[in-house]
Amino acid sequence: MTTPLSFPAELTASPVIAVVRAPHIADAPALCAALAEGGIHHVEFTFTTPDVTRHLAQAAASGAHVGIGTVLTRRQAELAIEAGARFLVTPGCRPEVAEAAHEAGLPAVLGALTPTEVAQAVDLGAAAVKIFPASGFGPRYLKELHGPYPDIPLVASGGVNAANAAEYLAHGALAVCAGTEVVPPTAVAEGNRDEITHRAAAFMDSLTR
């Protein structure tokens, strides 16, 4: 099981989280396998997808490294943990979600934007802090945050794409979140494994250009 202490090391080794937002998921285990084939090994489903805990449970049972995002309440956190989530992600600082993750021994990636919110996320025990929406300030903002917070793992989310992901990593992001560029809702709903693998591989290739 992923723990709060091991999660930053896992992100260092595999610095992309695919964030799946789709009205329907055809086959969650196959989706995770397609992403892994393209080089992306962390998958974040979200509570904006109907029946998401069922998809999460299926993916977790297949051995995929899957978590869940847009977690807003303790009840959602508990449902995700029961379904087999290996990490929880919030859009902002959510103390009750952090508490549930801590009790379960799971890492929580808490959302923040300002320096004050970053400190709050750390105080709540975040394994990493998601800077969201990162596109509002750009890659250099993460470098600026590392001035007062040199050792806090930061994850860039929101507006990250193949054209700028490498720059976010170069400016201090431990990892980045890839969205519809890699997992477009139509391809997810249709179960188009080849397209998703191709998109994941292209995104990973952009990190080394």
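Only a predicted model underlies this, so the values are computations on that prediction, with no experimental measurement involved.

## Thoughts on the packing of helix α4 (residues 74–83) against helix α5 (residues 95–104)
- Running from amino to carboxyl end, α4 crosses α5 at an angle of 30 degrees, the nearest separation of the two axes being 8 Å. What the angle tells us is that α4 and α5 run roughly parallel. For the pair α4 and α5, the crossing hand works out as right-handed. Contact residues: α4 offers R74, A77 and I81, while α5 offers E96, V97, E99, A100, E103 and A104.

## Some words on the pairing of strand β1 (residues 16–19)
- Across the two faces of β1 the burial is the same, with V16 and A18 and I17 and V19 all buried.
- Here β1 pairs with strand β8 (residues 175–178) via three bridges, running parallel. Among the inter-strand pairings, A18 is bridged to a residue of β8, identified as A178.
- With three bridges connecting them, β1 and strand β2 (residues 42–46) associate as parallel partners. Residue pairing for β2: A18 is matched across the bridge by V43.
- Regarding topology, helix α2 (residues 28–37) serves as the crossover connection from β1 to the parallel β2, and that connection is right-handed.

## Regarding the state of the cysteines
- According to the stated counting rule, one finds zero disulfides in the structure shown.
- This cysteine, C32, is not joined by any disulfide, and C177 carries the nearest cysteine sulfur, 15 Å off.

## Some thoughts on the packing of aromatic side chains
- Inspection of the entire model under this criterion finds two aromatic pairs.
- Between the aromatic rings of F137 and Y141, the centroid separation amounts to 4.6 Å while the plane-to-plane angle is 25 degrees, which identifies the pairing as stacked.
- When the ring centre of F132 is taken as origin, the NZ or CZ atom of K130, which lies over that ring, is 5.0 Å away.

## Considering the nonpolar core
- If you look at the biggest cluster of nonpolar residues, it comprises 62 residues, and the most contacted ones within it are L35 and F45.
- Counting residues per element, this core draws most heavily on α2, at five residues.
- Apart from residues no more than four positions distant in its own chain, L35 is found in contact with A18, I40, V43, V182, V183, I196 and A200.
- F7, F87, V109 and A175 belong to the second largest nonpolar core, which has 13 residues in total.

## Here's the deal with α2
- Among all positions of α2, only A28, L31, C32, A34 and L35 are buried. Down the axis of α2, the sector holding all buried residues measures 160 degrees, keeping them to one side.
- Contacts from the buried residues of α2 go to β1, β2, α3 (52–61), α9 (185–190) and α10 (193–206).
- Positive phi appears at G39, one or two residues downstream of α2, with a value of about 105 degrees.

## Some thoughts on the pairing of strand β5 (residues 108–112)
- Where burial is concerned, most of β5 is hidden: five out of the five residues are buried.
- Alternating positions in β5 separate into two faces, A108, L110 and A112 on one and V109 and G111 on the other, with burial throughout.
- Looking at chain direction, strand β4 (residues 88–89) and β5 are connected through two bridges and run parallel. Bridge pairing in β5 places L88 opposite A108.
- At this point the chain moves from β4, through α5, to the parallel β5, and the crossover so formed is right-handed.

What counts and what doesn't
- Residues numbered from 1 in each chain as written.
- Predicted model: local features only at pLDDT ≥ 70, side-chain atom pairs only at ≥ 80, totals over all residues.
- Heavy atoms only, no water.
- Axes fitted to C-alpha atoms, helices over the stretch in contact; angles between N-to-C directions.
- Helix = DSSP H or I, 4+ residues; strand = E, 2+ residues; numbered from the N terminus.
- Parallel < 35°, antiparallel > 145°, perpendicular 65-115°, else oblique.
- Left-handed = near helix turned anticlockwise from the far one by under 90°.
- Contact = heavy atoms within 4.5 Å.
- Buried < 20%, exposed > 50% of the residue type's maximum accessible area, 1.4 Å probe, protein only.
- Pairing = 2+ DSSP bridges.
- Right-handed = clockwise from strand over helix to strand, strands pointing away.
- Disulfide = S-S within 2.5 Å.
- Phe/Tyr/Trp six-rings, centres within 6.5 Å; stacked < 30°, edge-to-face > 60°.
- Lys NZ or Arg CZ within 6 Å of the ring centre and 35° of its normal.
- Core = buried A, V, L, I, M, F, W, Y, C linked by side-chain atoms within 4.5 Å.
- Arc of directions from axis to C-beta.

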